[in-house]
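Residue-level structure breakdown
The chain contents come next:
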Amino acid sequence: MNDIQNRADIELLVNSFYEKVHKDFDLAPVFVMPETEWDRHITRVVNFWENWLFQTGSYNGGMMWVHLQANQKHGLTTERFERWLSLWFITADTLFEGPRAEFVKSKALEIGQIMNAKMNNNS
Ligand code: HEM
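Here we summarise the structure given alongside this text. The shown structure was predicted, so the numbers you read here are calculated from the model rather than taken from an experiment.

Once that is clear, we can look at helix α2 (residues 35-54). Along an α-helix, residues three or four apart share an orientation, since each turn contains 3.6 residues. The end-to-end C-alpha distance of α2 is 28 Å, a good match for the 28 Å that 20 residues give at a rise of 1.5 Å each. Within α2, burial applies to Val46, Trp49, Glu50 and Leu53. In a view along the axis of α2, the buried residues occupy a sector of 105°, so they form one face of it. Across α2 from its buried face, at more than 90 degrees, point the exposed residues Thr36, Glu37 and Arg40. Considering only its buried residues, α2 is in contact with α1 (7-23) and α5 (99-120). Count one or two residues on from α2 and you reach Gln55, which has phi positive near 45°.

Time to look at the environment of Ile90. One can find Ile90 in helix α4 (residues 78-95). Separated by 73 residues in sequence, Ile90 and Phe17 place their C-alpha atoms 8.5 Å apart.

The next thing to look at is the packing of α4 against α5. Interaxial distance between α4 and α5 falls to 10 Å at its minimum, and their mutual angle equals 175°. Between α4 and α5, the crossing angle belongs to the class labelled roughly antiparallel. Across the interface between the two elements, Thr78, Phe81, Trp84, Leu85, Trp88, Phe89 and Ala92 of α4 pack against Ala101, Val104, Lys105, Ala108, Leu109, Gly112, Asn116 and Asn120 of α5. Within the contact of α4 with α5, the residues separate by chemical class into ten nonpolar, four polar and one charged.

Pairs of packed helices are described in terms of their axes, by the angle between the two and the distance that separates them. Packing of α1 against α4 brings their axes to within 9 Å, and their N-to-C directions diverge by 135°. Our classification of the angle between α1 and α4 gives oblique. Judged by the twist between their axes, the crossing of α1 over α4 is right-handed. Note on element contacts: α4 touches α1 through Leu87, Trp88, Thr91, Ala92 and Leu95, opposite Leu12, Leu13, Ser16, Phe17, Lys20 and Val21. Here the contact of α1 with α4 is composed, by residue class, of eight nonpolar, two polar and one charged.

A separate point is the environment of Phe103. Tracing the sequence through the fold places Phe103 in helix α5. In this structure Phe103 comes out as partly exposed when scored by C-beta crowding, with 16 C-beta atoms within 10 Å. Residues Phe103 and Leu53, 50 residues apart in the sequence, show an inter-C-alpha distance of 8.1 Å.

With that settled, the discussion passes to helix α3 (residues 63-74). The end-to-end C-alpha distance of α3, which contains twelve residues, comes to 16 Å, matching closely the 16 Å that a straight helix rising 1.5 Å per residue would cover. Of all twelve residues making up α3, only zero are buried, and the element is barely covered by its neighbours. Positive phi appears at Gly75, one or two residues downstream of α3, with a value of about 80°.

Among the nonpolar cores identified, the biggest contains 14 residues, and Ile4, Ile10, Leu13, Val14, Trp49, Ala92 and Ala101 are the most heavily contacted of them. Counting only elements with at least two residues in this core, the list comes to α1, α2, α4 and α5. For this core, the leading source of residues is α1, giving four residues. Once you skip the residues sitting within four places of it in the chain, Ala101 turns out to touch Asp3, Ile4, Ala92 and Phe96.

Criteria and cut-off values
- Residues numbered from 1 in each chain as written.
- Predicted model: local features only at pLDDT ≥ 70, side-chain atom pairs only at ≥ 80, totals over all residues.
- Helix = DSSP H or I, 4+ residues; strand = E, 2+ residues; numbered from the N terminus.
- Expected span 1.5 Å × (residues − 1).
- Buried ≥ 20, exposed ≤ 12 C-beta atoms within 10 Å, placed from the backbone.
- Arc of directions from axis to C-beta.
- Contact = placed C-beta atoms within 7 Å.
- Axes fitted to C-alpha atoms, helices over the stretch in contact; angles between N-to-C directions.
- Parallel < 35°, antiparallel > 145°, perpendicular 65-115°, else oblique.
- Nonpolar A, V, L, I, M, F, W, Y, C, P; charged D, E, K, R; others polar.
- Left-handed = near helix turned anticlockwise from the far one by under 90°.
- Core = buried A, V, L, I, M, F, W, Y, C linked by C-beta atoms within 7 Å.

Purely geometric stuff here, so don't read any function into it on its own.
Pasting the structure below:
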C-alpha cells in the first residue's frame, strides 16, 4: 500500500471519507447542503490537507469559526467527534500507509480534541 503522494490522493481520501459520513445516521444530517456548497466544501477540505502535507499555502484558515457555526446549528457533540474521527481513521487506513497517512490521522485527532474541548467543555 502507498502513502499519500499528491492532491489526487487527498481528493480520494476526502471523498471516500464523506461517502462513509453520508451513510452515518448521526453525522449525515450535519452535512446536508446544496451541491454548489458541497463542491466548495470539498475543495476547502482538500486545500486544508494539501497545505498541511505539502505546504502549498492553498488554505487560508478560519476552520475554528466554521465549526463554531456548525456547533450552533447542529450540536457537535463528543459522540459526533468520536464518530467523525473513527471514520477518518478507517478511511485513511484502508487507502494509505506511511508517514503522511499517520500525519492526517494524528492531526485530525489533535484538532478534534481541541474543538471538542472548546464546544463540550470537557477538557
Ligand atoms: C463532530 C465532528 C465534525 C463535524 C460534524 C464537522 C462538520 C463540519 C461542517 C458542517 C463543516 C462546514 C461545511 C460547509 O458548510 O462548508 C466543516 C468544515 C471543515 N471541517 Fe469539520 N467537522 C467535524 C470535525 C472536524 C475535524 C476533527 C477536522 C480536523 C481536521 C475537521 C476539518 C474540517 C475542515 C478543514 C473544514 C473546512 C473549513 C473551511 O471551510 O475553512 N472537521 N466541518
